[in-house]
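Coordinate inspection notes
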Amino acid sequence: MAQVTLNHVRKTYPNGHEAVQPCSVEIPDGELVVLVGPSGCGKSTLLRMIAGLEDITEGELRIGADVVNDKDPADRNIAMVFQNYALYPHMTVAKNMGYGLKNRGASKAEIEAKVQEAARILNLGDYLDRRPSQLSGGQRQRVAMGRAIVRDPELFLFDEPLSNLDAKLRNQMRIEIRSLQQRLGVTAVYVTHDQVEAMTMADRIIVLNAGRIEQIGTPTEIYEHPASTFVAGFMGAPPMNLLRADIAGGRLQLSSQTLLPVPAPQLATDSVLVGFRPEDVRLGGDGSAVLEVQIIEELGAVRLLHGHLGDQPFSVSIGKDEHATVGAQIITLPQDRVHFFHPDRGTRI
Amino acid sequence: MADLTQAGAVARPLTRPRKRIRWNRIVDHAVLITGSLFMVFPVFMVLTTISFEDVDIVQKGLQIGLEGRMAENFHDAMFEASGFTKTITGTRMLMNSLILGFGFAIGKIVISMMAAYAIVYFRLRFATFAFWIIFTTLLLPLEVRILPSYEAIQSLGLANTYTGLIVPLIASATGTFFFRQFFRSIPEELVEAARIDGAGPVKFFIDILVPLSRTMIAAIFIIMFVYGWNQYLWPTLITTDEGMFTLVRGIKQIVQVLSQTGAKIPEYGKALALSMIAMIPPVLIVIFFQSWFVKGLTESDK
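Anyway, here's the lowdown on the structure attached to this text. (Residues numbered from 1 in each chain as written. Chains lettered and ligands numbered in written order. Predicted model: local features only at pLDDT ≥ 70, side-chain atom pairs only at ≥ 80, totals over all residues. Heavy atoms only, no water.)

Structural notes on the overall build of chain A
Quick reminder of the rule: Per the convention used, a helix needs a DSSP run of H or I reaching at least four residues, while a strand needs a run of E reaching at least two, with both numbered from the N terminus. Relative accessible area decides the class of each residue, using a 1.4 Å probe on protein chains only: under 20% of the type maximum gives buried, over 50% gives exposed, and in between gives partly exposed. Contacts: residue pairs with any heavy atoms within 4.5 Å of one another. Areas reported as accessible are Shrake-Rupley estimates using a 1.4 Å probe. Residue values count occlusion only from the protein chains shown. Residues scored as charged are limited to Lys and Arg (positive) and Asp and Glu (negative), so that His and the chain ends carry no count. Lys charges are placed at NZ, Arg charges at CZ, Asp charges at CG and Glu charges at CD.
Tallying secondary structure elements over chain A gives eight helices and 20 strands in all. If you line up chain A on its principal axes, its C-alpha atoms span 75 × 45 × 35 Å. By the burial criterion, 52% of the 349 residues in chain A qualify as buried. Considering only intrachain contacts with a sequence separation of at least 6, the fraction spanning at least 24 residues in chain A is 66%. As displayed, chain A has an accessible area near 15,400 Å², and 47% of this comes from carbon and sulfur atoms. The average position of the 35 basic charges and that of the 42 acidic charges among the side chains of chain A differ by 6 Å.

A closer look at the side chain of Arg178(A)
Of note, Arg178(A) is situated in helix α5 (residues 167-184). Every residue in contact with Arg178(A), bar those within four places of it in the chain, is listed here: Leu32(A), Met201(A), Ala202(A) and Asp203(A).

Here we look at helix α9 (residues 174-184) of chain B
All names here are of chain B. Applicable threshold: Note: the arc covers the axis-to-C-beta directions of the helix.
Gly175, Thr176, Phe179, Arg180, Phe182 and Phe183 are the residues of α9 that are buried. End-on, the buried residues of α9 take up no more than an arc of 165°, which puts them together on one face. Looking at the buried residues of α9, the elements they touch are α5 (90-121), α6 (127-136), α11 (201-212) and α12 (214-229).

A word on the interface of chain B and chain A
For clarity, the threshold we go by: Accessible surface is computed with a 1.4 Å probe, and the buried area is the amount of it that two parts give up when combined, taken over both parts together. A side-chain nitrogen of Lys or Arg and a carboxyl oxygen of Asp or Glu constitute a salt bridge if their distance falls within 4 Å. Distance and chemistry together define a polar contact, namely a pair of N or O atoms within 3.5 Å, with one atom able to donate a hydrogen and the other to accept it when in protein, and with adjacent residues in sequence counting only for side-chain atoms on both sides.
Opposite the 21 residues of chain B that make contact, chain A presents 25 residues. Taken over both partners, the interface formed by chain B and chain A buries close to 1,900 Å², and the fraction arising from carbon and sulfur atoms is 54%. Considering only the side of chain B, the residues that lose the most area to chain A are Arg195(B), Ile196(B) and Asp197(B), jointly responsible for 36% of the buried surface there. Taken together, chain B and chain A are joined by two salt bridges. A salt bridge links Arg48(A) to Glu192(B); the nearest nitrogen and oxygen atoms lie 2.7 Å apart. In this assembly, chain B and chain A are joined by 11 residue pairs in polar contact (both at pLDDT 80 or more).

Let's talk about a nonpolar patch on the surface
Applicable threshold: Candidate patch residues must exceed 30% relative accessible area and have no salt bridge, after which like charges are joined if within 9 Å and Val, Leu, Ile, Met, Phe, Trp or Tyr side chains if within 5 Å.
A contiguous nonpolar patch, built from Phe38(B), Met39(B), Val40(B), Phe41(B), Phe44(B) and Ile64(B) and spanning about 690 Å² of accessible area, is present on the exposed surface. Positionally, Val40(B) belongs in helix α2 (residues 23-49).

Comments concerning the environment of Gly269(B)
Residue and element names in this part refer to chain B. Looking at the secondary structure, you find glycine 269 in helix α15 (residues 268-299). Residue glycine 269 is classed as buried on the basis of its relative accessible area, which comes to 0%. C-alpha separation for the pair glycine 269 and isoleucine 50, spaced 219 residues apart in sequence, amounts to 4.8 Å. Once residues lying within four places of it in the same chain are set aside, the contact partners of glycine 269 are Ile50, Asp54, Ile57 and Asn73.

Concerning the pattern of salt bridges
Side chains bearing opposite charge may pair, as long as their charged atoms lie close to each other. Residue and element names in this part refer to chain A. Scanning the model with the defined rule gives 19 salt bridges over all chains in all. One salt bridge in this structure joins arginine 10 and glutamate 58, with 3.2 Å as the shortest N-O distance. Here glutamate 58 lies in strand β4 (residues 58-63) and arginine 10 lies in strand β1 (residues 4-12), a separation of 48 residues in the sequence. For arginine 10, a relative accessible area of 23% gives the class partly exposed. As a salt-bridge pair, aspartate 280 and arginine 337 come within 3.2 Å of each other at their nearest N and O atoms. One end of the pair, aspartate 280, is in the loop between β14 (271-276) and β15 (282-283); the other, arginine 337, is in the loop between β19 (327-332) and β20 (339-341), and 57 residues separate them in sequence. Taking relative accessible area as the criterion, aspartate 280 reaches 13% and is therefore assigned buried. Exposure remark for arginine 337: the relative accessible area of 45% places this residue in the partly exposed category. Salt bridges linked by common partners bring Arg10, Glu18 and Glu58 together as one network.

Structural notes on the environment of Ile295(A)
All names here are of chain A. Residue position: isoleucine 295 is located in strand β16 (residues 289-298). Along the chain, isoleucine 295 and glutamate 117 lie 178 residues apart, while their C-alpha atoms are 52 Å from each other. Ignoring any residue separated from it by four or fewer positions in sequence, one finds isoleucine 295 in contact with Leu304, Leu305 and His306.

With respect to the pairing of strand β2 (residues 18-27) of chain A
All names here are of chain A. Under the convention used in this document: Should DSSP find at least two bridges between two strands, the strands are regarded as paired.
For β1 and β2, the ladder comprises six bridges, and the chain directions are antiparallel. When the bridges of β2 are listed, valine 4 appears paired with isoleucine 27. Following β1, the chain reverses through five residues before pairing antiparallel with β2; glycine 16 in that reversal takes a positive phi of roughly 95°.

What follows is the structure, encoded as structure tokens:
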């Protein structure tokens with residue numbers, strides 16, 4: 001168990017591409033941190049640098065008290081779970097899990113005991129003599145987990161471990177991984193592009209965009225106070241509505257007809273980006289805001305209305321008991337849950 | 001094929017009450033049977049000819065039928081010393097051939113696996129260049145560079161040794177190329193998982209790469225063993241000591257030596273018996289490793 005410290009860690013590839021801009025993070029002992037972002041944002045590179053599979057161009061990485069920049073992956077006392085599981089196809093489940101211990105010179109009895117223990121935790125007892133090819137996707141995932149936990153590592157690294165599973169299994173494994181991590185109390189770094197996984201599993205989320213950290217915070221902080229339009233748009237499904245509004249005499253003008261019912265922030269620019277979460281918007285009201293509904297998406301528990309508000313795309317999420325039809329729909333925008341972003345830089349105001 | 005047509009027949013039992021003649025299968029089998037006959041018949045003729053007296057063979061050529069000399073000819077072929085110096089027996093030649101076949105196949109696999117391992121998994125300077133250099137040796141088989149090779153082996157004092165017989169044959173790129181392609185198809189994550197599991201380069205090679213390659217190894221072993229076994233030119237050149245003769249070149253020698261002396265009728269029966277014996281090990285190797293090969297393919301490990 002250890003605290004992980006990244007101090008201005010940076011990755012530049014030989015061709016000059018800067019995959020990860022200098023970033024500093026401190027991950028306290030026992031925390032599960034999720035790195036989330038779109039493809040190519042550098043989240044996997046960052047994880048692989050922590051694992052030691054990728055060189056760190058600049059900066060300092062500590063696991064526990066030691067600087068591990070130049071340590072081999074095997075000497076960092078970490079365990080990693082890969083997206084495609086990376087199980088050794090020619091070894092049985094038991095051998096797969098015990099291989100790391102064997103290489104560290106553990107005795108046969110010790111390996112046997114640890115493997116049995118891991119198999120018990122992960123309900124793999126009946127499969128120890130099978131080959132990976134004889135297991136289902138979920139079972140393979142468990143074996144990969146088992147391989148990680150038998151070694152009692154100081155740090156777990158997960159590289160999109162659930163993306164090869166079907167939706168139902170993914171939800172189940174998500175909970176399993178989370179509860180296992182909490183039970184073992186091991187620090188973990190988890191990479192995903194799925195914002196639902198990020199929200200549900202993380203103690204803290206690190207949102208990355210184009211090799212840069214956009215925001216670090218708890219799921220609630222990230223959701224309630226996104227630091228930029230990127231975070232606002234990335235976290236949450238459907239994403240936050242972002243409207244470009246003109247500031248005219250302390251009021252926010254969306255178009256010639258529509259005024260937003262919220263006071264304008266003090267700002268040097270003459271326009272501003274205003275954000276509303278789709279679920280914060282209510283149906284009905286005094287008619288000051290009219291949504292032109294074009295598409296209704298039925299999701300069972302909620303219903304999504306997609307359309308335009310003053311010529312700008314806008315989505316509203318309503319409960320399953322509320323009724324709406326395609327066409328003009330009067331809505332009420334919230335007065336308190338409003339997010340303002342800088343019109344050019346996209347940063348939160 | 002067969003299952004499909006049967007399934008169709010079962011699905012429509014009323015419209016097709018009688019079993020249809022499956023022309024497809026008949027044609028398939030006709031082709032296969034003809035082909036097999038073509039292959040097997042000469043061998044069969046050789047086998048029957050062995051049972052004849054040498055005199056009959058010289059006079060009438062290959063024979064079909066059964067005379068009494070079968071066992072005798074095989075016995076002579078295996079155990080009677082012959083050749084110019086009367087020191088070489090069939091068993092000795094068989095052993096030499098086996099040493100050449102196994103030595104060549106195993107040596108080739110070991111060398112080419114290691115070369116491919118270095119090229120694929122290590123960030124070497126000029127690795128690609130090195131690979132293409134190795135690859136160009138495909139254009140230079142032993143037959144092309146036979147004189148310099150002979151010169152080199154001779155001056156190293158390796159003529160009439162197993163080393164001299166085997167090593168120059170090993171130097172070619174086929175195996176390296178196959179293993180390189182295979183290694184490149186192994187997922188990167190497997191290497192990384194092994195690194196995190198604390199497996200160094202040697203452990204990764206022995207614990208992971210070699211077991212994963214076993215179907216490849218079996219396939220290359222078949223090809224290389226037969227290739228080595230059938231070598232004629234190089235053994236003829238490098239082995240002058242009759243004790244080092246391989247089967248493939250020894251057969252010729254028996255017929256030649258005896259006909260040159262002119263005192264006796266060439267021992268064709270014995271030579272034919274030897275050629276039959278020379279066929280057996282490659283066939284056994286193919287049969288044995290084929291089952292491995294198929295097993296490996298159907299398990300789809302990777």
